[in-house]
Amino acid sequence: MTRSRLFQPVGIGRLTLANRIVIAPMCQYSAAEGHMTDWHLIHLGTLALSGAGLLTIEATAVLPEGRITYGDVGLWDDGTEAALRRVLDGVRAWSDMPVGIQLAHAGRKASCEVPWKGGRQIAPDAANGWQTVAPSAVAFTQEAHAPVALDRAGMRQVREAFAASAKRAARLGLDLVQVHAAHGYLLHQFLSPLSNLRDDDYGGSLENRMRFPLEVFDAVRQAFPDRPVSVRVSGTDWVEGGWTIDQTVAFAQRLKERGCDAVHVSSAGLSPLQEIPVSPSYQVPLARAVRQQVDLPVVAVGLITDFDQAEGIVATGDADMVGLARTILYDPRWPWHAAAHLGARVKAPDQYLRCQPSRYRDLFAV
Ligand SMILES: Cc1cc2nc3c(=O)[nH]c(=O)nc-3n(C[C@H](O)[C@H](O)[C@H](O)COP(=O)(O)O)c2cc1C
């Protein structure tokens, strides 16, 4: 029996993960009008054989205008649901890894070209561009779109869209829904005093800025009743006068009271003025602060690349789980290699078990 904490099971609500390695959501910008494509089958299928404890599907737009780019995945109608089902059926036929989905709305950071073309926003009057929305008519940068401030009817539409997508996620049998309230997208725009300048019940005090994200959470929680709902938060804006870790802790506490099952602590994305001290584990202190003050399972993420580093994060209690993004793109067998390094075992597909040379068999839980 391994002493590795990383390879011990962990609970998120009623869901039990076989280990504490979580695959973070990663946009692939490869959807066609919101529909998943064969790329998603190959990409998610590869990750579903990795031995991680949970696979999280990329930021999935709840409305077409909530997409970052034209190539974002959506879950807003029967067609996008059917495309997602086709991919999920393929993945689930060969893997029993739990699969979650991140539901998102990009707000003022929507309507962009694909990142490898520079990520510039596409003007509403150009082909494939659309009008963006936000809590206030405050652009991300001087060159960026001028968003329209959401009125109450617009906010209701967004909230109902989150709920409708969550209902579709339940129908698809997804194991977890993650609400995207990080990285400067719409819900984070409501949270941060830098992007939320409203003078109604939804702006000003912390209580008011949290109101809409919490209402969206409640709607998702209600639409996805039997399985876990988590929230991804930015632990700081890394800018003077922006969203802070203390506010993140207060938000996480409120989420817990409303039935949230886990918090995934990332950071930034709200302001172009951010100064981020990027280094290995640089966001772990944010996760630790939430975990120490709020009784919820916490995921830490960001430049976690090394097996002992990951083991240390969960063994010391800084976080309950580690999230991997670029790390697992680079090495989709990272959990296997971590298990070998830490003297633990991972689940491998029967097909690989049957044909592995015997020296590898000991690695796998049969
Ligand atoms: C290609 C790519 C796409 C991403 N897409 C998303 C996304 O859809 N939703 C999200 O919350 N974060 C997204 N992220 C951020 C990652 O989930 C993660 O927080 C970040 O990359 C840090 O982890 P890493 O150092 O292991 O890459 C993305 C990152 C990459 C590299």
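In its Cofactor (unreviewed entry) section, the UniProt record describing the protein chain reads: "FMN".

> Quick rundown of the pairing of strand β10 (residues 229-234)? Include the residues and the values.
The element β10 is largely enclosed, with a buried count of six among its six residues. In β10, alternate side chains face the same way, and those of Val229, Val231 and Val233 on one face and Ser230, Arg232 and Ser234 on the other are all buried. Sheet topology places strand β9 (residues 176-181) next to β10; five bridges connect them, and they run parallel. Opposite His180, over in β10, you have Arg232 as the bridge partner. For β10 and strand β11 (residues 262-266), the ladder comprises five bridges, and the chain directions are parallel. Each residue of the ladder has a partner; that of Arg232, found in β11, is His264. The β-α-β motif built from β10, the intervening helix α6 (residues 245-257) and the parallel element β11 has right-handed crossover chirality.

> Got a sec to walk through the packing of aromatic side chains? Specific residues and values, please.
Taken as a whole and assessed by the stated rule, the structure comprises five aromatic pairs. Centre to centre, the rings of Tyr29 and Trp116 are 6.2 Å apart; their planes meet at 70°, and the pair counts as edge-to-face. On the criterion of sequence distance, the pair formed by Tyr29 in the loop between β3 (21-23) and α1 (38-48) and Trp116 in the loop between β6 (99-104) and β7 (133-134) is long-range, its members being 87 residues apart. Assessed through its relative accessible area of 21%, Tyr29 is described here as partly exposed. Consider the rings of Trp243 and Phe251, whose centres lie 6.2 Å apart with planes at 80°: the pair is edge-to-face. Through a chain of ring-to-ring contacts, three or more aromatic side chains come together here, namely Phe190, Tyr202 and Phe212.

> I'd like a description of the pattern of salt bridges, backed by residues and values.
Evaluated as defined, the whole model comprises 16 salt bridges. The salt bridge partner of Asp38 is Arg86, with a shortest N-O separation of 2.6 Å. Separated by 48 residues along the polypeptide, Asp38 in helix α1 and Arg86 in helix α2 (residues 78-94) bring together distant segments of the chain. Overall, Arg86 belongs to the partly exposed group, its relative accessible area being 42%. Between Lys347 and Asp96 there is a salt bridge, and its shortest N-O distance comes to 3.0 Å. Taken as a pair, Lys347 in strand β14 (residues 346-347) and Asp96 in the loop between α2 and β6 lie far apart in primary sequence, 251 residues in all. A relative accessible area of 52% means that Lys347 is categorised as exposed. Linked through salt bridges whose partners overlap, the residues forming this network are Asp78, Glu81, Arg85, Arg168 and Arg171.

Rules of the game
- Residues numbered from 1 in each chain as written.
- Predicted model: local features only at pLDDT ≥ 70, side-chain atom pairs only at ≥ 80, totals over all residues.
- Heavy atoms only, no water.
- UniProt positions renumbered as here; feature names shortened; annotations may be inferred.
- Buried < 20%, exposed > 50% of the residue type's maximum accessible area, 1.4 Å probe, protein only.
- Helix = DSSP H or I, 4+ residues; strand = E, 2+ residues; numbered from the N terminus.
- Pairing = 2+ DSSP bridges.
- Right-handed = clockwise from strand over helix to strand, strands pointing away.
- Phe/Tyr/Trp six-rings, centres within 6.5 Å; stacked < 30°, edge-to-face > 60°.
- Salt bridge = Lys/Arg side-chain N within 4 Å of Asp/Glu carboxyl O.

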